[in-house]
Amino acid sequence: MWIFIGALAAASVYGCSQHYLLEDDQGNVLGTEEQKYRVLSFFFDGVPPPVKESGQEPGEEASKTTAVRQRFTAHGPYAARFCDACHLRGSNKLLMPVEELCLNCHTLSTAKKKLHGPLAAGSCNVCHDPHGSSYRYLLVSDSKTFCYHCHNQSDVMRRPVHQGTDLECTMCHDAHAADSEFLLK
């Protein structure tokens, strides 16, 4: 019972901070980082997972069997604890629909012939985490294999232009919009 109370007390004290600590009433830190994450993420959306140390030098490729995550990067308003920039005060309800909300701050030209499906549907959060991410551009997963969450890898690799390449998709394709077929840059 006291761990639950400590979790709620710590969560209310630390709010949207990147430092999630569970404390008892004497201020003693409780549990491992993974345990802290599990408790806080049960009660609150947007809690960043604990950073796993990879032991690799920056730029080294991650092992195929172990997912290595970068340091958590918070979205500006979330990091500044400016929840009211997106949410109605004291609630999880958004001020406006997601497609309007993101474009309220982020400039993105949609005056192109072809729009990527999630962008056309106004679903920025299909690809980007609005609070923060351990992946670049606040993506919800690793950019090297990101597109394969929606696009079938075997279908993509059947095209001769993709065979034998190790490039990220965004080297040739624009992830948001383009005037060319297949969102080619």
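Residues numbered from 1 in each chain as written. Predicted model: local features only at pLDDT ≥ 70, side-chain atom pairs only at ≥ 80, totals over all residues. Heavy atoms only, no water.

**Quick look at the confidence of the model for the protein chain**
Logical step 1: Of the residues in the protein chain, 65% reach a pLDDT of 70 or more, and the chain-wide mean stands at 74.
Logical step 2: When mean pLDDT is taken per element in the protein chain, strand E4 (residues 177-178) scores highest with 93 and helix H1 (residues 2-14) scores lowest with 40.
Logical step 3: Low pLDDT (under 50) marks residues 1-22, which in the prediction has 38 contacts with non-local residues, meaning those over four places away or in another chain.
Logical step 4: Note on residues 55-69: pLDDT is under 50 here. Beyond four places in sequence and across chains, it has 10 contacts. (pLDDT = per-residue confidence, 0-100. Helix = DSSP H or I, 4+ residues; strand = E, 2+ residues; numbered from the N terminus. Contact = heavy atoms within 4.5 Å.)

**Re the pattern of salt bridges**
Logical step 1: If you walk through the whole model with that rule in mind, you get 5 salt bridges.
Logical step 2: Between Glu-168 and Arg-136 there is a salt bridge; the shortest N-O distance is 2.2 Å. Separated by 32 residues along the polypeptide, Glu-168 in the loop between helix H6 (153-158) and E4 and Arg-136 in the loop between strand E3 (132-133) and H6 bring together distant segments of the chain.
Logical step 3: Arg-158 is the salt-bridge partner of Asp-155, the closest N and O atoms lying 2.6 Å from each other. With Asp-155 and Arg-158 both in helix H6 and 3 residues apart, the pair spans about one turn of that helix. (Salt bridge = Lys/Arg side-chain N within 4 Å of Asp/Glu carboxyl O.)

**Comments concerning the packing of aromatic side chains**
Logical step 1: Here the structure, examined in full by the defined rule, presents 0 aromatic pairs.
Logical step 2: Here the guanidinium or amino end of Arg-159 rests over the ring plane of Phe-182, the centre of that ring lying 5.0 Å away. (Phe/Tyr/Trp six-rings, centres within 6.5 Å; stacked < 30°, edge-to-face > 60°. Lys NZ or Arg CZ within 6 Å of the ring centre and 35° of its normal.)

**Side note on the environment of His-149**
Logical step 1: Among the structural elements, His-149 can be located in the loop between E3 and H6.
Logical step 2: Through-space distance from the C-alpha of His-149 to that of Cys-127 is 9.8 Å; in sequence the pair is 22 residues apart.

**Observations regarding unusual backbone geometry**
Logical step 1: Of note, Phe-182 is a non-glycine position whose phi angle comes to about 60°, a positive value.
Logical step 2: Looking at the element boundaries, Phe-182 is found in the segment after E4.
Logical step 3: The phi dihedral of Leu-183 is positive, around 55°, even though this residue is not glycine.
Logical step 4: Locating Leu-183 in the fold gives a position in the segment after E4.

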